[in-house]
Amino acid sequence: MKFYGELLVFVLLFITNLRVFFVHHVRRDPLVVLAPFTFVVAILQIFSWGVDAFTLLGLLISFFVLISNFHAIFRYWERLYVDHYSPLMKIWAAFTIAFSTAALALSIYFAPIEQKNREIMVNETQTHYKGSFRSGFFEAKPFDSKSLTIYEFSKIPESANIVNNQNLIVFLAPDKRADTANYRPYLQQLAARGVTVCSADFYADDGQWLHNFYDKRFLRRIVMVIKSFTNQQQFLAQKEYYSFNIAQEYNAIVPLLHERYGYDKKILLITDFMADIAAEDYQKKNPDFIAGILKLSSIGEYKSSGYGCIEQTDPLLAKFLNLQRDKTLVTPILLAEKTIEKMDEIEKLSYAAAVAAQKALQN
């Protein structure tokens, strides 16, 4: 949906500026209303999907187009006669047409690779919560402010082709340079193989990562990505602090997972760099219900650790990491297979422990 929103913004900008060359001796210029409309759509894109290169570019172009058409908008609302636009306005329109066309071409070239859930028989659900780490999280009503979203990916129908140890709750804690959306191809592939898997995005006011305005939902990811590129040494040095924040997320999410799936089930924690230390500490403190940990960052073939499956979800960022846009889903499939191997390993260990316990009782 984000990609189609970007296309809409750039196409509207193209039409808005192209009209300048065709307005001649008309009573009103109705297409000028596309300028404020496009600006509003660009803002909604930011708040819906966050800031990245293309949403920010769409916002900036639409803002300057709105400003340059302010006089024309005023004339339209006042029902004033429009003879023609000045040469300067036409030069500006030509420039913005060229810029919008280039942005449109780039957005298509770096378009994310999306796999529809129904094509692979996967069901995706979202549950929204309000609250904070201090007061706890409670399921949100439609108009409540949302500070946590839990995603669940499962097989359709749920009873078909279910594999591995279903006594496990499989949970992914995303790195903050990504979010659930950036791991979606991996989660889809895991669900397509019969594994129900969950992930969670926290945006509580008391869950501070940057300690400023950049902690807002629509800014946090892009700022964290920029920080990791511009000062990698400082970014890596804060891993202990990141672990502290992830630890409080575990303390909040684990009771919600048990409430949803049952208190008798154990949890497999899937991590990606930021959560590595926190997961190990949490398992040591809670060995009774943490069955194991899978560190995605330890998988050598996974070249975009910390950023998610960007070969599919963010090909432009992948380009900066010298990775190519990949329609074959090589990395998501590999990660799904490694996860199932880990689940098999846990199941075998659990079985061996049960047999040993039974023999001990018989003796």
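Scroll up to find the structure.
All values reported here derive from a predicted model rather than from experimental measurement.

Enquirer: Even after reading the chapter, I still don't get the packing of aromatic side chains, so can you show me in this structure?
Expert: Ring pairs (aromatic) are described by centroid distance and by the angle formed between their planes. Summed over the entire model, instances satisfying the criterion amount to 18 aromatic pairs. With a centroid separation of 6.2 Å and an interplanar angle of 75°, the aromatic rings of F213 and F218 are classed as edge-to-face. What makes F218 buried here is its relative accessible area of 18%. Among the aromatic residues, those joined into a cluster by ring pairs are W209, F235, Y241, Y242 and F273. Seen from the ring of Y307, R177 lies directly overhead, with NZ or CZ sitting 4.7 Å from the centre. Of note, K239 hangs over the ring of F273, and the distance from its end group to the ring centre comes to 4.4 Å.

Enquirer: What am I meant to see in the pattern of salt bridges here?
Expert: Pairing between side chains of opposite charge can happen when the charged atoms of each approach one another. One pass over the structure, following the stated rule, counts 11 salt bridges. Between D314 and R221 there is a salt bridge, and its shortest N-O distance comes to 3.1 Å. In this pair, D314 is assigned in the loop between α11 (310–313) and α12 (315–320) and R221 in helix α7 (residues 220–230), connecting sequence segments 93 residues apart. You can call D314 buried: its relative accessible area is 16%. Here R221 falls in the buried class, since its relative accessible area comes to 14%. The closest approach of N and O atoms between K295 and E280, which form a salt bridge, is 2.2 Å. Of this pair, K295 sits in strand β7 (residues 290–295) while E280 is found in helix α10 (residues 276–285), placing the two residues 15 residues apart along the sequence. Here K295 falls in the partly exposed class, since its relative accessible area comes to 24%. Each of K2, E6 and D52 takes part in one network of salt bridges that share partners.

Enquirer: Even after reading the chapter, I still don't get the nonpolar core, so can you show me in this structure?
Expert: Side chains that are nonpolar tend, in soluble globular proteins, to be buried together. Of all hydrophobic cores here, the largest spans 35 residues; its most connected members are F137, F171, Y250, I253 and L269. Breaking this core down by element, the ones donating at least two residues are β3 (148–155), β4 (168–172), β5 (197–202), α7, α9 (239–261), β6 (266–271), α10 and β7. When residues of this core are assigned to their parent elements, the largest contribution, 8 residues, is made by α9. The contacts of L269, once residues within four sequence positions are left out, are F171, Y250, A279, Y282, I290, G292, I293 and L294. Grouped together as the second largest cluster of nonpolar side chains are 29 residues, I120, F153, I340 and I346 included.

Enquirer: So what exactly am I meant to see when it comes to the sheet that holds β5 here?
Expert: Sheet strands line up and pair through hydrogen bonds in the backbone, either parallel or antiparallel. Spatially, β2-β1-β3-β5-β4-β6-β7 is the arrangement adopted by the 7 strands of the open sheet, whose pairing is mixed. Across the chains shown, the open sheet's two edge strands, defined by having one partner strand only, are β2 (136–139) and β7. Put simply, the sheet's adjacent strands are angled 25° from each other on average, direction ignored. As judged from the 8 bridges shared by strand β1 (residues 122–132) and β3, these two strands associate in the antiparallel manner. Paired with T125 across the two strands is E152, which belongs to β3. α10 rests against β6 and β7 of the sheet, and its axis sits at about 165° to β7.

Calculation notes
- For every chain, the first residue of its written sequence is number 1, and the numbers climb from 1 along that sequence.
- The predicted nature of this model means local features are confined to residues of pLDDT at least 70 and side-chain atom pairs, given and counted, to a pLDDT of 80 or more, with totals for whole chains, interfaces and linings taken over all residues.
- Water and hydrogen atoms play no part in the side-chain values, which are based on all heavy atoms of the structure.
- A pair of Phe, Tyr and Trp rings is counted when the ring centres sit within 6.5 Å of each other, with Trp represented by its six-membered ring. The angle between the planes then sorts it: under 30 degrees is stacked, over 60 is edge-to-face, the rest tilted.
- Burial here depends on accessible area, computed with a 1.4 Å probe over protein chains only, as a share of the maximum for the residue type. Under 20% is buried, over 50% is exposed, and the range in between is partly exposed.
- Geometrically, a lysine NZ or arginine CZ counts as sitting over a ring once it is within 6 Å of the ring centre and also within 35 degrees of the ring normal.
- One side-chain nitrogen of Lys or Arg within 4 Å of one carboxyl oxygen of Asp or Glu is enough to make a salt bridge.
- We count a stretch as a helix when DSSP gives it H or I for four or more residues in a row; a strand needs E for two or more, and each element gets its number in order from the N terminus.
- By nonpolar core is meant a set of buried Ala, Val, Leu, Ile, Met, Phe, Trp, Tyr and Cys residues that side-chain atoms within 4.5 Å join together.
- Every residue pair with non-hydrogen atoms within 4.5 Å of one another is taken to be in contact.
- A pair of strands is labelled paired if DSSP reports no fewer than 2 bridges between them.
- Axis definition: a line fitted to C-alpha atoms, over the contacting stretch in the case of helices. Angles run 0 to 180 degrees between N-to-C directions.

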